[in-house]
Amino acid sequence: MAIYYKGIIFLAATAFLGEGIEILVNMILARELGSHGLGLYMTILPTIFLIALLASFELPVSISKFIAEREDRYHRNILHHAITVTITFTIILLLVGAALLPFISVFNGYHPYIRWLVLLLIPVISFTSVARGYFMGRQQMGKIAVSNFLRKMVQLAGLFVLFRFFEFNSESSLLVSISVLIASEIVVFLYLILMFIVQFQTIRRQPFSNLNRKIVRKNLMAVSIPTTGMRLFSALTGAIQPFIIKAALVHAGLTGTIATEQFGMLMGVAMSIGFFPAFIAHSLLIVLIPAVSKTYSERDYVSLQKMLQQSMLLTVGYGVAAVTIFYIFAPQLTSLFFKSTTSAVYLQLLWPFFLFHYFVMPLQGFMIGLDMIKEAFFHIIWSTVISFGIILWLGSMPEWRMNGVIIGMNTGAVLMTLMHYVTVCKKIGVTVLLKGLYPKTMER
């Protein structure tokens, strides 16, 4: 438990600095790209994240879970098979990506080099995922924290230098912004791979035992495939969401340009500010997956209940304080990006979305650790379908427009949080008020 708490504190501290840098990054993007350019950037970003997700194959989750549950003597063998799987998967994905990228219409209207820069992400993300998963499983959160901070720092420095000393047109500015994003991932790759090689030399000198190759691959796939499916659905819906929102706004009477600008203010300004405190939730997610997996494999339900109670209390504490500040100081915060009252209103209306999102992330960490990935997947499907339905219904009405879109987003976040929470409470034997029901032997 001491390692668990230290991991959260260290990750949260460095993530706080990283999120501060992220705010500065988005401020630079907003000022250099303008409202329309920022809208285009935020439109293509979910697609880039989708490709990165496919490349990772959720190996950080599956490897960290398997490493946490197994003794040290098996780690060398697990990593050997994980690397073999990664090499095979990367080659296949590179070939498929090279064949399909020219025909993906979402890249139309952007600089042609962007397609091939995104393809470069595949091997970078794939091999970074192996190192990330190992360090997560060993609870070496310092390396994960440094890599996350390094990514943001490189992106900020790159954008500042390039936009400070060079002039670009609108199309080239978008290309530069995305190129710097991908360059930051390459720097993280180099750092984590170097740390992994150093660590692997130590592992090689220790006694080890082999696991059957089929057992290792089965355990990795048992987590990677459903988790990738869950994340893939979220990423696909995230990539579709910009077009659904803009289509609803256009149907409500706005022009395509105005709809893109409003979407840019929603995602590039309101979301950037509202997700700032999510660094704590993300830190909890990273630490909880291996911690819950190990505790659940030992059937230590008392510790599981304690972890849930503390995670929820921590989230209530910082979450309520954060959304209160956002609501009161929305005009001052959004003016750092644009001199517009519209984005301030968006930030105020989205407080339920942000607050419940802070709860979703640690709850998903619990569900993955408790082998409840299928249940989490169904929750995401239901909440997304209902959210998109409300967005299209209310957002298309001239009297609602973006207010209707925000109502749909809020509804989806609340629904998913409640489903996750009730399911986890039932699994580990606590009431919704976080009181232990009975000491039972949990069954898989």
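Overview of the overall build of the chain
Across its full length, the chain holds 15 helices and 0 strands. With the principal axes as the frame, the chain shows a C-alpha extent of 65 × 50 × 35 Å. Burial analysis of the chain (444 residues in total) assigns 54% to the buried set. On the chain, the mean spot of the 32 positive side-chain charges and the mean spot of the 17 negative ones are 8 Å from each other.

Focus: the packing of aromatic side chains
All chains considered together, the criterion is met by 14 aromatic pairs. Here the aromatic rings of F353 and F354 are separated by 5.8 Å at their centres, their planes lie at 75 degrees, and the arrangement is edge-to-face. Given a relative accessible area of 15%, F353 falls into the buried group. Residue classification places F354 among the buried residues on the basis of a relative accessible area of 1%. Residue placement shows R164 over the ring face of F165; its charged tip is 5.6 Å from the ring centre. Over the aromatic face of Y296 sits the side chain of R299, whose NZ or CZ is 5.4 Å from the ring centroid.

Focus: the packing of helix α13 (residues 351-369) against helix α15 (residues 402-428)
Where α13 contacts α15, the axes come no closer than 8 Å and their chain directions differ by 30 degrees. Crossing of α13 against α15: the hand is left-handed. Here P352, F353, F356, F359, V360, L363, Q364, F366 and M367 of α13 lie close against α15, whose contacting residues are M409, N410, A413, V414, M416, T417, H420, Y421, T423 and V424. Tallied by class, residues from the contact of α13 with α15 come to 14 nonpolar, 5 polar and no charged.

Regarding the packing of helix α10 (residues 301-328) against α13
It is the contact of α10 with α13, at a shortest axis distance of 9 Å, that shows an interaxial angle of 160 degrees. Here α10 lies roughly antiparallel to α13, going by the angle between them. Here α10 and α13 pass one another in a crossing that is right-handed. Classifying every residue of the contact of α10 with α13 gives 19 nonpolar, 3 polar and no charged.

Concerning the nonpolar core
Judged by nonpolar contacts, the single largest core of 140 residues is most densely connected at Y41, L266, L308, L350, Y358, F366 and L370. Broken down by element, this core gets its largest block of residues, 21 residues, from helix α1 (residues 2-56). Excluding residues within four positions of it along the chain, L266 makes contact with I245, M271, Y346, L350, M402, I406 and M409.

Brief notes about unusual backbone geometry
Of note in the backbone geometry, E58 takes a positive phi value of approximately 55 degrees without being a glycine. Backbone geometry at R299 places phi at a positive 60 degrees, although glycine is not the residue there. With respect to the helices and strands, R299 occurs in the loop between α9 (278-297) and α10.

What to know about the pattern of salt bridges
Counted by the stated rule, this structure contains 4 salt bridges. Between R151 and E185 there is a salt bridge whose closest N-O contact spans 2.9 Å. Linking R151 in helix α5 (residues 141-165) with E185 in helix α6 (residues 170-204), this pair joins segments that are 34 residues apart in sequence. Of the two residues examined, R151 and E185, each falls in the buried class.

Remarks on the side chain of H75
Its location among the elements puts H75 in helix α3 (residues 75-100). In contact with H75, not counting residues within four places along its chain, are I67, R70, Y134 and R138.

Parameters and conventions
Residues numbered from 1 in each chain as written. Predicted model: local features only at pLDDT ≥ 70, side-chain atom pairs only at ≥ 80, totals over all residues. Heavy atoms only, no water. Helix = DSSP H or I, 4+ residues; strand = E, 2+ residues; numbered from the N terminus. Buried < 20%, exposed > 50% of the residue type's maximum accessible area, 1.4 Å probe, protein only. Lys, Arg positive; Asp, Glu negative; His and termini not counted. Charge placed at Lys NZ, Arg CZ, Asp CG, Glu CD. Phe/Tyr/Trp six-rings, centres within 6.5 Å; stacked < 30°, edge-to-face > 60°. Lys NZ or Arg CZ within 6 Å of the ring centre and 35° of its normal. Axes fitted to C-alpha atoms, helices over the stretch in contact; angles between N-to-C directions. Left-handed = near helix turned anticlockwise from the far one by under 90°. Contact = heavy atoms within 4.5 Å. Nonpolar A, V, L, I, M, F, W, Y, C, P; charged D, E, K, R; others polar. Parallel < 35°, antiparallel > 145°, perpendicular 65-115°, else oblique. Core = buried A, V, L, I, M, F, W, Y, C linked by side-chain atoms within 4.5 Å. Salt bridge = Lys/Arg side-chain N within 4 Å of Asp/Glu carboxyl O.

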